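One letter stands for each residue in the lines below.
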Amino acid sequence: MLKQFSEIFNDVDQHWMQYCVSMAELTAMRGEVPIAAVIVSHNNTLLGEGSNRCITDNDPTAHAEIIAMRAACARQQNYRLSDCTLYVTVEPCPMCFGAIVNARVSRLVYAASEPRTGACGSCVGLHTELRHSVSISRGLMAEQAAALMRRFFESKRGQGND
């Protein structure tokens, strides 16, 4: 079943994405790829947050979305995140999108597209292949999130770390 994208956002979306972008800025200062995510309940309660920790934790699965979902599931004492929204600064990869589906997240809002690994159509279209229906909104604060990623990788290339 094809999921339709939305580019309509409200003040709550703006608030949480700004929060994510601020977290991503701090993540870059730690030397991690600047991606951050939060999980919010249907009544606008923050359930979990995370930012990339792959380098810090020596863990290829320590993506922002995974960390945020783990925290939210622990807080709720439930592996399902039905009626929750996941906000993330960059389009989820296939691993993270699979976790989003397995957790039954209702809504995904992401800022910047990721042409190399994005699972919501930029690289692969898992959003059209998997059975769980996730409402997807994209593009909120995309320019800020993309600029943060660009600056991070430009600084790494300047250090000889391709």
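Check the entry above for the structure.
A brief structural summary. Treat the numbers as computed from the prediction; the structure is a model and nothing was measured.

1. Describing the overall build of the protein chain
Piece 1. A tally of helices and strands in the protein chain yields six helices and six strands.
Piece 2. Overall, the protein chain shows an N-to-C arrangement of helices and strands of β-α-β-β-α-α-β-α-β-α-β-α.
Piece 3. Split into buried and exposed, the 162 residues of the protein chain put 45% on the buried side.
Piece 4. In the protein chain, the share of contacts with a sequence separation of at least 24, taken over all contacts with a separation of at least 6, comes to 62%.
Piece 5. Of the roughly 8300 Å² that the protein chain leaves accessible, carbon and sulfur atoms contribute 51%.

2. A look at the environment of Asn 10
Piece 1. With respect to the secondary-structure elements, Asn 10 resides in the loop between strand 1 (5-6) and helix 1 (11-29).
Piece 2. Among the residues examined, Asn 10 registers a relative accessible area of 41% and is labelled partly exposed.

3. Describing the pairing of strand 4 (residues 85-90)
Piece 1. Most of strand 4 is tucked away: six of the six residues are buried.
Piece 2. Sheet analysis places strand 4 next to strand 5 (residues 107-112), joined by five bridges and oriented parallel. In the strand pairing of strand 5, Val 88 is matched with Tyr 110.
Piece 3. Between strand 4 and its parallel partner strand 5, the chain crosses via helix 4 (residues 94-103), and the hand of that crossover is right-handed.

4. What to know about the environment of Gln 18
Piece 1. Within the element layout of this structure, Gln 18 appears in helix 1.
Piece 2. The spacing of Gln 18 and Thr 89 is 71 residues in sequence and 9.2 Å in space, taken between C-alpha atoms.

5. A look at the packing of helix 3 (residues 64-76) against helix 4
Piece 1. As a packed pair, helix 3 and helix 4 sit with axes 9 Å apart at the nearest point and diverge in direction by 25°. Taken together, the axes of helix 3 and helix 4 lie roughly parallel to each other. The interaxial crossing formed by helix 3 with helix 4 has left-handed handedness. Contacts from Glu 65, Ile 66 and Met 69 of helix 3 reach helix 4 at Met 95, Cys 96, Ala 99, Ile 100 and Ala 103.
Piece 2. For the contact of helix 3 with helix 4, the residue count by class is seven nonpolar, no polar and one charged.

6. Comments concerning the state of the cysteines
Piece 1. In the structure shown here, the tally under the stated rule is zero disulfides.
Piece 2. Looking at Cys 54, it has no disulfide partner, and the nearest cysteine sulfur is the one in Cys 96, 8.4 Å off.
Piece 3. For Cys 54, a relative accessible area of 21% translates into the label partly exposed.

7. Some thoughts on the environment of Met 95
Piece 1. Mapped onto the secondary structure, Met 95 falls in helix 4.
Piece 2. Taking the relative accessible area as the measure of exposure, Met 95 reaches 33% and is therefore partly exposed.
Piece 3. Along the chain, Met 95 and Thr 117 lie 22 residues apart, while their C-alpha atoms are 9.8 Å from each other.
Piece 4. With near-sequence residues (within four places) excluded, Met 95 lies in contact with Pro 60, Thr 61, His 63 and Ile 66.

8. A few points about helix 4
Piece 1. Taken as a whole, helix 4 has its buried residues at Cys 96, Phe 97, Ala 99, Ile 100, Val 101 and Ala 103.
Piece 2. Taken from the residues just after helix 4, Arg 104 is the one with a positive phi, measuring 65°.

9. Quick look at the side chain of Thr 89
Piece 1. Position of Thr 89 relative to the elements: it lies in strand 4.
Piece 2. Judged by relative accessible area, which is 1%, Thr 89 ranks as buried.
Piece 3. Discounting chain neighbours no more than four positions away, the residues touching Thr 89 are Met 17, Cys 20, Val 21, Ala 24, Pro 34, Ile 35, Ala 36, Ala 111, Ala 112 and Ala 145.

Cut-off values and rules
- Going along each chain's sequence as written, the residues are numbered from 1 onward.
- Selection of residues for local features in this predicted model requires a pLDDT of at least 70, selection of side-chain atom pairs for listing and counting requires 80 or more, and totals for whole chains, interfaces and linings are taken over all residues.
- With hydrogens and water stripped out, all remaining heavy atoms of the structure feed into the side-chain values.
- Numbering goes from the N terminus for both helices and strands, where a helix is a DSSP run of H or I of at least four residues and a strand is a run of E of at least two.
- Note on exposure labels: buried denotes an accessible area under 20% of the residue type's maximum, exposed denotes more than 50%, and partly exposed covers the range between, all computed with a 1.4 Å probe on protein chains only.
- Residues are treated as being in contact if the distance between any of their heavy atoms lies within 4.5 Å.
- Accessibility throughout is a Shrake-Rupley quantity obtained with a 1.4 Å probe, and a residue counts as covered only by protein chains that appear here.
- Two strands make a pair as long as DSSP finds a minimum of two bridges between them.
- A right-handed crossover is one whose linking path, passing over the helix from the first strand to the second, runs clockwise when the strands point away from the viewer.
- To define axes, lines are fitted to C-alpha atoms, for helices over the stretch in contact only, and angles between the resulting N-to-C directions are given on a 0 to 180 degree scale.
- By the definition adopted for this analysis, an angle is roughly parallel if under 35 degrees, roughly antiparallel if over 145, roughly perpendicular if from 65 to 115, and oblique otherwise.
- Each crossing is labelled by how the near helix is turned from the far one, with a counterclockwise turn of less than a right angle marking it left-handed and a clockwise turn marking it right-handed.
- Residue type decides the class: Asp, Glu, Lys and Arg count as charged, Ala, Val, Leu, Ile, Met, Phe, Trp, Tyr, Cys and Pro as nonpolar, and the leftover types, Gly among them, as polar.
- Disulfides are defined as cysteine sulfur pairs within 2.5 Å.

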